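A structural walkthrough
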Amino acid sequence: MFKRIIAATLLSFSLASTSTAGGHSKDIVDTAVAAGSFETLVTAVAAADLVDVLKGEGPFTVFAPVDAAFKALPAGTLESLLKPENKSKLASILTYHVLSGKVMSSDIIGKKLEVTMVNGSTAEIDATDGVKIAGANVIQADIETSNGVIHVIDAVILP
């Protein structure tokens, strides 16, 4: 637990430096790249041809798994998903991490909701004791970007 708190704090500091004093100059993709904790996610987004979408106007709410979350997947899963023949499956998984619109933690605190993700599947958000989405813990919330918000999660969620 202590390691998790330290990791979340360090991630918070690294992400806090991604905006400028005048506002949020970086979009979701650029913010994720600058953080350095989402290399696997950024690679997967590129492999699924979703970079332009997530750099688009939005707004989007992205539940972004850290690199360690991808490492926790069963052996060979990520490698398989990154193959060109699995592009549509990868895109479906990645868009299961995205909501249309900008949802801040203050919008949902104390609530339990069922939401429809961009891929069309539903997910449960439970913000009654911390925040979880589809069983993954939000370890850093409300990282604002020029086209939405990122909430960092500790697991890859599957539709």
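To be clear, the structure that these remarks concern was listed above.
Reference entry: report on the structure contained in this document. (Residues numbered from 1 in each chain as written. Predicted model: local features only at pLDDT ≥ 70, side-chain atom pairs only at ≥ 80, totals over all residues. Heavy atoms only, no water.)

What to know about the overall build of the chain
Across its full length, the chain carries 8 helices and 7 strands. Counting only residues that meet the buried cut, the chain has 42% of its 159 residues in that class. Considering only residue pairs separated by 6 or more positions, the chain has 61% of its internal contacts joining residues 24 or more positions apart. Of the roughly 8,200 Å² of accessible surface on the chain, 56% is carried by carbon and sulfur atoms. (Helix = DSSP H or I, 4+ residues; strand = E, 2+ residues; numbered from the N terminus. Buried < 20%, exposed > 50% of the residue type's maximum accessible area, 1.4 Å probe, protein only. Contact = heavy atoms within 4.5 Å. Areas by Shrake-Rupley, 256 points an atom, 1.4 Å probe, with all protein chains shown as cover.)

Observations regarding helix α2 (residues 28-35)
Turning to α2, its buried residues number three or more, namely Ile28, Val29, Thr31, Ala32 and Ala35. Each buried residue of α2 sits inside an arc of 165° when the element is viewed along its axis, so together they form one side. Put simply, Asp27 is the residue that caps the front of α2, since its side-chain oxygen is 3.0 Å from the backbone nitrogen of Val29. (Arc of directions from axis to C-beta. Polar contact = N/O pair within 3.5 Å; in protein donor to acceptor, adjacent residues only side chain to side chain.)

Re the pattern of salt bridges
For the coordinates displayed, the defined rule picks out 5 salt bridges. The partner of Asp126 in a salt bridge is Lys112, with the nearest N and O atoms 3.9 Å apart. Taken together, the positions of Asp126 in strand β4 (residues 122-126) and Lys112 in strand β3 (residues 112-116) put the pair 14 residues apart, joining distant regions of the chain. Bridged by salt links that share partners, the residues Asp27, Asp30 and Lys55 form one connected network. (Salt bridge = Lys/Arg side-chain N within 4 Å of Asp/Glu carboxyl O.)

Notes on the nonpolar core
Core analysis: the biggest nonpolar cluster contains 29 residues, and Phe38, Leu41, Val62 and Leu94 have the highest contact counts within it. Put simply, the parts of the chain that give this core at least two residues each are α2, α3 (39-47), β1 (60-65), α5 (67-71), α6 (77-81), α7 (87-95) and β7 (148-153). With residues near it in sequence (within four places) discarded, Leu41 still touches Ala64, Pro65, Asp67, Phe70 and Leu94. (Core = buried A, V, L, I, M, F, W, Y, C linked by side-chain atoms within 4.5 Å.)

Things to note about α3
Of all the positions in α3, only Thr40, Leu41, Ala44 and Val45 are classed as buried. In a view along the axis of α3, the buried residues occupy a sector of 135°, so they form one face of it. Among the structural elements, α4 (51-54), β1, α5, α6 and α7 are those in contact with the buried residues of α3. The positive-phi residue at the C-terminal boundary of α3 is Asp49, with phi of around 55°.

Details of the sheet that holds strand β6 (residues 136-145)
Paired through their backbone hydrogen bonds, the strands of a sheet run either parallel or antiparallel. Ordered by their spatial adjacency, 7 strands build an open sheet running β2-β1-β7-β6-β5-β4-β3, and the pairing between neighbours is mixed. Only two strands of the sheet have a single neighbouring strand rather than two, namely β2 (98-100) and β3. (Pairing = 2+ DSSP bridges.)

Topic: unusual backbone geometry
A cis amide bond, omega 5°, links Gly58 with the succeeding residue Pro59. In this fold, Pro59 is placed in the loop between α4 and β1. Here Ala134, not a glycine, exhibits a phi torsion of approximately 50°, which is positive. Tracing the sequence through the fold places Ala134 in the loop between β5 (132-133) and β6. Given the relative accessible area of 38%, Ala134 is considered partly exposed. The phi dihedral of Asp142 falls on the positive side, at around 60°, and the residue is not glycine. Examined against the element boundaries, Asp142 turns out to sit in strand β6.

Some thoughts on the pairing of β3
Bridge analysis of β3 against β4 gives 5 bridges, and the strand direction is antiparallel. Residue pairing across strands places Leu113 opposite Ile125, the latter belonging to β4. Hairpin connection from β3 to β4: 5 residues lie between these consecutive antiparallel strands, with Gly120 at a positive phi of about 95°.

Honestly, it's all geometry; don't read function into it.
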